[in-house]
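Given next are the chains, with one letter for each unit.
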Amino acid sequence: MSPIVVAQKLTHAFGRGALSKAVLSDISLELKAGEIVILEGPSGSGKTTLLTLIGALRTVQSGYLTVMDQALHQARRAALMRTRSKIGFIFQHHNLLSCLTAWENVSTSLRLHAHIPKTGYRSRAEAILEAVGLADKLDAYPENLSGGQKQRVAIARALVNRPKLLLADEPTSSLDSHTGRNVVEIIEQLARQDGCAVLLVTHDSRILDIADRVLHMEDGQLI
């Protein structure tokens, strides 16, 4: 089975000309199905930039990157969108839609998949929200949720499709130790049972035990 992610000699910079600043330099990385890889390092070291490149949220400038057998370097917009629809994203900020309830926010991920009937949206959203401890908040709007609860809704939204690749940027930063442990156990179950590859950026030493590998990034390079 081919790796879920293959990156070779990825280099990325912000700005142009004399103002250009390299944020990634010569990154090579493989992620296999069912593997959990934690990426750690100081702020500004390039971790989030790497996640957004792998997630097809940024254009590859230099190097080779394939995600689920789709080459992302020089890929067209339609190919990038198809790739994004197969990935679960957990960001530092929840990015919930204020006009939607918790279960409706989760269901926005389901709308990317035509094979999932609309009649099943509610039951699937309920199941994953219950798994993250929000069974009593299904119809609550974001304004009526705490910061930690909003983050759990965002995590449920990323996991509801049972993606083959999960990219997480500090997923437990706003959660207490008990809830954070519950969330990473769900992520671990997704990896072990469904063969999901997980790349997780964190400074949370409490969750390092779930990783198959821990990588360190500094100054745009994997050390």
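It should be noted that the structure appears before, not after, this text.
Small disclaimer: the values here were computed from a predicted structure and weren't measured. (Residues numbered from 1 in each chain as written. Predicted model: local features only at pLDDT ≥ 70, side-chain atom pairs only at ≥ 80, totals over all residues. Heavy atoms only, no water.)

Turning next to the nonpolar core. Grouped together as the largest cluster of nonpolar side chains are 40 residues, with contacts concentrated most on Val106, Leu129, Val153, Leu166 and Val198. Mapped by element, the contributors of at least two residues to this core are strand S3 (36-40), helix H3 (102-110), helix H4 (121-131), helix H5 (147-159), strand S7 (165-169), helix H6 (177-194) and strand S8 (197-201). If you look at the next biggest cluster of nonpolar residues, it comprises 31 residues, including Ile4, Leu10, Ile54 and Leu215. (Core = buried A, V, L, I, M, F, W, Y, C linked by side-chain atoms within 4.5 Å. Buried < 20%, exposed > 50% of the residue type's maximum accessible area, 1.4 Å probe, protein only. Helix = DSSP H or I, 4+ residues; strand = E, 2+ residues; numbered from the N terminus.)

For the rest of this paragraph, the subject is the sheet that holds S8. Spatial strand order, S6-S7-S8-S3-S9-S10: 6 strands in an open sheet with mixed pairing. Strands at the two margins of the open sheet, each flanked by one partner only, are strand S6 (87-90) and strand S10 (221-222). Summarising the sheet, S3 and S8 pair through 4 bridges and their orientation is parallel. Bridging across to S8, Leu39 finds its partner in Val201. (Pairing = 2+ DSSP bridges.)

To continue, consider the pairing of strand S9 (residues 213-218). The pairing of S3 with S9 spans 4 bridges and is classified as parallel. Note that in S9 the partner of Leu39 across the bridge is Leu215.

The next thing to look at is the side chain of Glu35. Within the secondary structure, Glu35 sits in the loop between strand S2 (21-31) and S3. Reaching out from Glu35, the side chain makes a polar contact with the backbone nitrogen of Lys32 at a distance of 3.0 Å. Apart from the residues lying within four places of it in its own chain, the contact partners of Glu35 are Glu30, Cys196, Ala197, Val198, Asp212 and Arg213. (Polar contact = N/O pair within 3.5 Å; in protein donor to acceptor, adjacent residues only side chain to side chain. Contact = heavy atoms within 4.5 Å.)

Attention shifts here to the packing of H3 against H5. Where H3 contacts H5, the two axes come as close as 7 Å, and the packing angle between them is 30°. Here H5 runs roughly parallel to H3, going by the angle between their axes. In the packing of H3 onto H5, the handedness of the crossing is right-handed. For the pair formed by H3 and H5, the contact residues are Ala102, Asn105, Val106, Thr108 and Ser109 on the first element and Val153, Ala156 and Arg157 on the second. When grouped by side-chain class, the residues that make up the contact of H3 with H5 number 4 nonpolar, 3 polar and 1 charged. (Axes fitted to C-alpha atoms, helices over the stretch in contact; angles between N-to-C directions. Parallel < 35°, antiparallel > 145°, perpendicular 65-115°, else oblique. Left-handed = near helix turned anticlockwise from the far one by under 90°. Nonpolar A, V, L, I, M, F, W, Y, C, P; charged D, E, K, R; others polar.)

Checked against the element boundaries, Ser146 lands in the loop between H4 and H5. Residue Ser146 is classed as partly exposed on the basis of its relative accessible area of 38%.

Given a rise of 1.5 Å per residue, 18 residues ought to cover 26 Å, and the 25 Å separating the end C-alpha atoms of H6 matches this to within 8%. Here H6 has its buried residues at Thr179, Gly180, Val183, Val184, Ile186, Ile187, Leu190 and Ala191. Down the axis of H6, the smallest arc covering the buried residues is 145°, so these residues share one side. Relative to its buried face, H6 has exposed residues pointing more than 90 degrees away, namely His178 and Gln193. The inward-facing, buried residues of H6 abut S3, S6, H4, H5, S7 and S8. Residue Asp176 occupies the N-cap position of H6, its side-chain oxygen lying 3.1 Å from the main-chain nitrogen of His178. Just beyond H6, the residue with positive phi is Gly195, at close to 70°. (Expected span 1.5 Å × (residues − 1). Arc of directions from axis to C-beta.)

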